[in-house]
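Tertiary structure, described
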Amino acid sequence: WAVRQWRNMLFPPVLLALALLNSASYWSADDPVLTTRLHYGAVWMVAVLIVIVGGRVIPLFTGNRLGLKITPAPAWFDYLAIASTALVGLAMALWPAHQPDPGLALLCLAAAVIHSVRLAHWQGWKTLGVPLLWSMHLSYLCIPLAMFGRTLIGVDPAASKNVIHLLAIGSIGGMILAMMSRVSLGHTGRPLEVPAYLSVAFGLLFAAAILRAFLPLLDIALTLWAWRLSAV
């Protein structure tokens, strides 16, 4: 506030929502269905942080490394991406379980399209030779994938539990690993190149997210295999 960094004023309301959802999960501990929804909402609030920070660093890192000129999206479009993600998260947390709502499905679909357009604008297909870049693009991709998945599954609680792993493993876990790798290299003066085994790690983490989320949706009998394979 003192230095007028207005764009960083986005963080306090997101952190407040995360804190309230966390507190509410304790207050409702005797209602496991409600607590689970609150936890899902909290995961989506962490995804909002990725949407905010990722929207700043992913196109910047991509453009700088590849020598591309990635024109910044209009501010209103970035705010729309952030707001749509926050609305999806709050809806997941607060909408009564087992009650279909076509509006929620439309919200998830619209948000998924917004994020897909945003991600395509960053030209991730040109980063295949740079693991530190494609890992971030893949991690961000898990956000619209989760939204598309949520659109398709309706109010099925078991399916919701599977789809949330696209965010928990793919987006949050993937972005943490990618950013830790880049920052630990860059802030110690090392070249921004990762060894081959870390490239494998990026790919395996994304594979774990896909297997954990989608294998049980193909056949509920494959749930145990989804746990085992994603854990491996």
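Here goes a summary of the coordinates provided. Just so we're clear, the structure is a prediction, and the values are computed from it rather than from any experiment.

Structural notes on the overall build of the protein
- Each helix and strand in the protein was counted, giving eight helices and zero strands.
- What you see in the protein, going N to C, is helices and strands ordered as α-α-α-α-α-α-α-α.
- Against the globule reference of 17 Å for 232 residues, the protein gives a C-alpha radius of gyration of 18 Å, in line with a compact fold.
- If you line up the protein on its principal axes, its C-alpha atoms span 50 × 50 × 30 Å.
- For the protein, buried positions account for 43% of its 232 residues.
- Long-range pairs, those at least 24 residues apart, make up 75% of the contacts in the protein between residues at least 6 apart in sequence.
- Just so you have it, the protein exposes about 12200 Å², and 72% of that area is on carbon and sulfur atoms.
- Each charge class in the protein was averaged separately, 14 positive and 7 negative side chains, and the resulting centres sit 16 Å apart.

Digging into helix α8 (residues 223-231)
- Along α8, the residues classified as buried are Thr223, Ala226 and Ser230. Angular distribution of buried residues about the axis of α8 spans 50°; they occupy a single face of the element.
- Elements in contact with the buried residues of α8: α7 (196-218).

Some thoughts on the packing of α7 against α8
- Relative to each other, α7 and α8 sit at 180°, their axes nearing to 8 Å. Relative to α8, the element α7 lies roughly antiparallel. Contacts between α7 and α8 pair Ala208, Leu211, Arg212, Leu215 and Pro216 from the former with Thr223, Trp225, Ala226, Trp227, Leu229 and Ser230 from the latter.

Examining the side chain of Ser160
- Summarising the element assignment, Ser160 is placed in helix α6 (residues 157-186).
- Of the residues examined, Ser160 reaches a relative accessible area of 11% and is grouped as buried.

Let's talk about the packing of aromatic side chains
- Tallied over the full model, the rule gives four aromatic pairs.
- Summarising the aromatic geometry, the rings of Trp122 and Tyr140 are spaced 4.9 Å apart at their centres and angled 70° between planes, so their arrangement reads as edge-to-face. Of this pair, Trp122 sits in the loop between α4 (102-121) and α5 (131-153) while Tyr140 sits in helix α5; the two residues are 18 residues apart in sequence, bridging distant segments of the chain.
- If you follow Arg182 out to its NZ or CZ, it ends over the ring of Phe61, 3.5 Å from the centre.
- Here the guanidinium or amino end of Arg228 rests over the ring plane of Trp225, the centre of that ring lying 5.4 Å away.

With respect to the nonpolar core
- By size, the foremost hydrophobic cluster in this structure holds 55 residues, and its most contacted members are Trp44, Ile58, Tyr140, Ile143, Leu167 and Phe202.
- Those elements giving two or more residues to this core turn out to be α1 (11-27), α2 (32-66), α3 (75-94), α4, α5, α6 and α7.
- For this core, the element with the highest residue contribution is α2, accounting for 13 residues.
- Dropping the residues within four chain positions of it, Ile143 is found in contact with Ala47, Ile50, Val51, His115, Leu167 and Ser171.

As for the pattern of salt bridges
- Going through the model one piece at a time under the given rule, you end up with two salt bridges.
- As a salt-bridge pair, Arg65 and Glu193 come within 2.4 Å of each other at their nearest N and O atoms. Taken together, the residues span a long stretch of sequence, with Arg65 in helix α2 and Glu193 in the loop between α6 and α7 at a distance of 128 residues.
- Exposure remark for Arg65: the relative accessible area of 36% places this residue in the partly exposed category.
- Between Asp78 and Arg118 there is a salt bridge, and its shortest N-O distance comes to 3.2 Å. In this pair, Asp78 is assigned in helix α3 and Arg118 in helix α4, connecting sequence segments 40 residues apart.

Thresholds applied
Note that residues are indexed from 1 along each chain, following the sequence as it is written. The predicted nature of this model means local features are confined to residues of pLDDT at least 70 and side-chain atom pairs, given and counted, to a pLDDT of 80 or more, with totals for whole chains, interfaces and linings taken over all residues. Excluded from the side-chain calculations are hydrogens and water; all other atoms, namely the structure's heavy atoms, are used. A run of DSSP states H or I qualifies as a helix once it reaches four residues; a run of E qualifies as a strand once it reaches two. Both are numbered from the N-terminal end. Atoms counted for the radius of gyration: C-alpha only. Globule rule: 2.2 Å times the number of residues to the power 0.38. Burial classes: relative accessible area under 20% of the type maximum marks a residue as buried, over 50% as exposed, and values in between as partly exposed (1.4 Å probe, protein chains only). By the convention used here, residues are in contact when the closest approach between their heavy atoms is within 4.5 Å. The method behind every accessible area is Shrake-Rupley, applied with a 1.4 Å probe, and residues are considered shielded solely by the protein chains displayed. Positive residues here are Lys and Arg, negative ones are Asp and Glu, while His and the chain termini are left out of the count. Every charge is mapped onto a representative atom, which is NZ of Lys, CZ of Arg, CG of Asp or CD of Glu. Note: the arc covers the axis-to-C-beta directions of the helix. Between N-to-C directions, angles cover 0 to 180 degrees, with each direction set by a line fitted to C-alpha atoms, over the stretch in contact for helices. Note on angle classes: values under 35 degrees are labelled roughly parallel, values over 145 roughly antiparallel, values of 65 to 115 roughly perpendicular, and the remainder oblique. In this analysis, rings of Phe, Tyr and Trp, with Trp reduced to its six-membered ring, are considered paired at centre separations within 6.5 Å, and the interplanar angle assigns stacked below 30 degrees, edge-to-face beyond 60, and tilted for intermediate values. Ring-over charges, as used throughout, are those where CZ of Arg or NZ of Lys falls within 6 Å of the ring centre and within 35 degrees of the ring normal. Each nonpolar core is a collection of buried residues, namely Ala, Val, Leu, Ile, Met, Phe, Trp, Tyr and Cys, held together in the definition by side-chain atoms within 4.5 Å. In what follows, salt bridge is the name for a side-chain nitrogen of Lys or Arg lying within 4 Å of a carboxyl oxygen of Asp or Glu.

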